[in-house]
Amino acid sequence: MTSFPVSFYDSKPYDRQAFLEACGELPIAWRFHEFRLSEETAASAKGTTAVCVFVNDRVDAPCLRVLADLGVRLVALRCAGFNNVDLRAAASEGIAVVRVPAYSPYAVAEHAVALLLTLNRQIHRAFNRVRDLNFSLSGLVGFDLRGKTVGVVGTGKIGQVTAEIFRGFGVELLGHDPNPQEAWADSIGLQYVGLHHLLERCDIVSLHLPLTPETRYLINEQTLARMRQGAYLINTSRGKLIETRALIAALKAGRIGGVALDVYEEEEGIFFEDLSGQPLQDDELSRLLTFPNVLITAHQAFLTREALSQIASTTIRNLLRQRDCEPWLEGTAL
Ligand code: NAI
């Protein structure tokens, strides 16, 4: 079997381990790059017909033009969201785009709930205090989840698992989705309502919808103003669903009880990187980090062993299928 090369961008040690383990003896020659794919770096794909990218690679029209000129025929996203790829430009360049539509929705849903529990019960602050031998409880008061109203915006795979986990806490569940899943909703006692109604009623709002031109800045000055005084907002989906400037204003005004973010609208070039030795250049992120009631993780909701292994297997299958190499999969665990 002749192995075929794949340029792999924004690669981290955990990606390399998961992909090499899943690939086994299959004839793919990975060219792992730590830098991200963009128009500026696309020349590095020379000699490959497929590229493998993640959430912050910028696969826009200029980048796709360079790739097409180099003979690249496939963009394999190793994630579910595809807002960073210009699909129309890819089609006109004759480049196919594949992704991993589903992998452990539990990884992301569990992280969303973990963020809320940490923020509400101030575990992050308690951890630091106790290690500093400060055993005072002042300022650490949280609230019971039981009896609260939780709104899930986007009840696809991840939103459904999130709602199911929250149900275990004895909350009232509201949902909003243009494609409601009525039978599922009935089975767990979730009621679908309009977005404004959901924002006005909920103590906790969790976002689980894709970023599209329609959903960009879904949470803005007007929608934030509709949220209940002291409500909590969780975003594990995409940063640009929230207008950061409006969120900061609402936090400064004391209107929002707490914000848990795994994504940030300008995360490209910041999240996934170790910038600990440098001054942070992003003023809005810097401001967000000063609020005691804001908890941020750097796009790690997907990061479980199970999710990484499913992402790797599906991406490898996607790559081989596009090359009509499916017979190679026979006898493998993929
Ligand atoms: P999915 O496609 O199964 O579900 C998305 C749901 O959002 C669908 O039911 C759709 O109808 C709904 N939706 C679309 N527009 C909407 C709107 N305007 N208002 C309300 N709902 C709307 O997607 P899945 O797998 O549940 O993922 C959701 C999002 O989570 C992805 O788009 C991705 O951005 C994000 N994600 C984040 C990860 C992380 O590590 N932080 C990892 C994986 C996904």
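Just so it is clear, the model here is predicted, and its values are computed rather than measured. (Residues numbered from 1 in each chain as written. Predicted model: local features only at pLDDT ≥ 70, side-chain atom pairs only at ≥ 80, totals over all residues. Heavy atoms only, no water.)

1. Section: the overall build of the chain
Regarding its fold elements, the chain presents twelve helices and twelve strands. For 334 residues, the compact-globule estimate of 2.2 N^0.38 gives 20 Å, and the C-alpha radius of gyration of the chain, at 21 Å, lies within 12% of that figure. Judged by the C-alpha coordinates and their principal axes, the chain covers about 65 × 50 × 35 Å. Residues counted as buried form 49% of the 334 residues belonging to the chain. Roughly 16,000 Å² of accessible area belongs to the chain as shown, and the carbon and sulfur atoms make up 50% of that amount. Averaging the positions of the 33 positive and the 39 negative side-chain charges in the chain gives two centres separated by 3 Å. (Helix = DSSP H or I, 4+ residues; strand = E, 2+ residues; numbered from the N terminus. Rg over C-alpha atoms; globule rule 2.2 N^0.38 Å. Buried < 20%, exposed > 50% of the residue type's maximum accessible area, 1.4 Å probe, protein only. Areas by Shrake-Rupley, 256 points an atom, 1.4 Å probe, with all protein chains shown as cover. Lys, Arg positive; Asp, Glu negative; His and termini not counted. Charge placed at Lys NZ, Arg CZ, Asp CG, Glu CD.)

2. Structural notes on the sheet that holds strand S1 (residues 4-8)
An order of S2-S1-S3-S4-S5 is seen for the five strands of this open sheet, with the pairing classed as parallel. A strand with exactly one partner marks an edge of an open sheet, and here the two such strands are strand S2 (28-32) and strand S5 (96-98). The average undirected angle you get between the axes of adjacent strands in this sheet is 25°. Pairing between S1 and S2: five bridges, direction parallel. Of the residues in S2, the one forming a bridge with Pro5 is Ala29. (Pairing = 2+ DSSP bridges. Axes fitted to C-alpha atoms, helices over the stretch in contact; angles between N-to-C directions.)

3. Some remarks on the site of the ligand
Taken together, 23 residues sit near the ligand, with Lys157, Ile158, Asp177, Asn179 and Thr236 positioned nearest. Within the side chain of Asp177, one N or O atom sits 2.6 Å away from an oxygen atom of the ligand. Between Thr236 and the ligand, the recorded distance is 2.9 Å, taken from a backbone N or O atom to a nitrogen atom. The fraction of the free accessible surface of the ligand (870 Å²) that becomes covered by protein chains is 84%. For the shell around the ligand, the per-class residue count stands at nine nonpolar, ten polar and four charged. (Near = heavy atom within 4 Å. Polar contact = N/O pair within 3.5 Å; in protein donor to acceptor, adjacent residues only side chain to side chain. Nonpolar A, V, L, I, M, F, W, Y, C, P; charged D, E, K, R; others polar.)

4. Considerations on the side chain of Ser11
In this fold, Ser11 is placed in the loop between S1 and helix H1 (13-23). With sequence-adjacent residues up to four places away left out, Ser11 is seen in contact with Arg16, Phe32, His33, Glu34 and Arg78. (Contact = heavy atoms within 4.5 Å.)

5. Here's the deal with the packing of helix H10 (residues 244-252) against helix H11 (residues 283-290)
Remark: H10 packs on H11, axes separated minimally by 10 Å, with the N-to-C direction vectors making an angle of 30°. Taken as axis vectors, H10 and H11 run roughly parallel relative to one another. Here H10 and H11 pass one another in a crossing that is left-handed. Across from Thr244, Arg245, Leu247, Ile248, Leu251 and Lys252 in H10, the residues of H11 making contact are Glu284, Arg287 and Leu288. When grouped by side-chain class, the residues that make up the contact of H10 with H11 number four nonpolar, one polar and four charged. (Parallel < 35°, antiparallel > 145°, perpendicular 65-115°, else oblique. Left-handed = near helix turned anticlockwise from the far one by under 90°.)

6. Points about unusual backbone geometry
Of note, the phi angle at Gln122 is positive, near 55°, even though the residue is not glycine. In this structure, Gln122 sits in the loop between helix H4 (105-121) and helix H5 (123-131). Residue Gln122 is classed as buried on the basis of its relative accessible area of 11%. The phi dihedral of His299 falls on the positive side, at around 55°, and the residue is not glycine. For His299, a relative accessible area of 8% gives the class buried.

7. Focus on the packing of aromatic side chains
As enumerated under the stated definition, the model contains eleven aromatic pairs in all. Measuring from centroid to centroid gives 5.2 Å for Phe143 and Tyr232, while their planes differ by 75°, and the two rings are edge-to-face. Linking Phe143 in the loop between H5 and strand S6 (149-153) with Tyr232 in strand S10 (residues 231-235), this pair joins segments that are 89 residues apart in sequence. The exposure class assigned to Tyr232 is buried, which follows from its relative accessible area of 12%. One Lys or Arg, Arg216, reaches over the ring of Tyr217 and ends 4.4 Å from the middle of that ring. (Phe/Tyr/Trp six-rings, centres within 6.5 Å; stacked < 30°, edge-to-face > 60°. Lys NZ or Arg CZ within 6 Å of the ring centre and 35° of its normal.)

8. Some words on H4
Taking 1.5 Å per residue, 17 residues should reach 24 Å; H4 reaches 24 Å between its end C-alpha atoms and fits that length. Every buried residue of H4 is listed here: Pro105, Ala107, Val108, Ala109, His111, Ala112, Val113, Leu115, Leu116, Leu119 and Asn120. One or two residues past the end of H4 sits Gln122, with phi positive at roughly 55°. (Expected span 1.5 Å × (residues − 1).)

9. Digging into the domain arrangement of the chain
By domain assignment, the chain separates into domain 1 (4-103 + 304-323) and domain 2 (105-296). For domain 1 and domain 2, the distance between their C-alpha centroids amounts to 30 Å. Of the residues lining the interface, 15 residues belong to domain 1; the matching set on domain 2 comes to ten residues. In total, about 1,100 Å² of surface goes out of reach between domain 1 and domain 2, with carbon and sulfur atoms giving 49% of it. For the domain 1 face of the interface with domain 2, the top three residues by lost area are Arg36, Asn56 and Asn83, together amounting to 40%. Our count for the contact surface shared by domain 1 and domain 2 stands at three salt bridges. A salt bridge links Glu268 to Arg58; its shortest N-O distance comes to 2.9 Å. Our enumeration of links across domain 1 and domain 2 arrives at three residue pairs in polar contact (both at pLDDT 80 or more). Taken together, the residues of the side of domain 1 that touches domain 2 sort by class into seven nonpolar, four polar and four charged. (Domains from an automatic or database assignment. Buried area = accessible area lost by both parts, 1.4 Å probe. Salt bridge = Lys/Arg side-chain N within 4 Å of Asp/Glu carboxyl O.)

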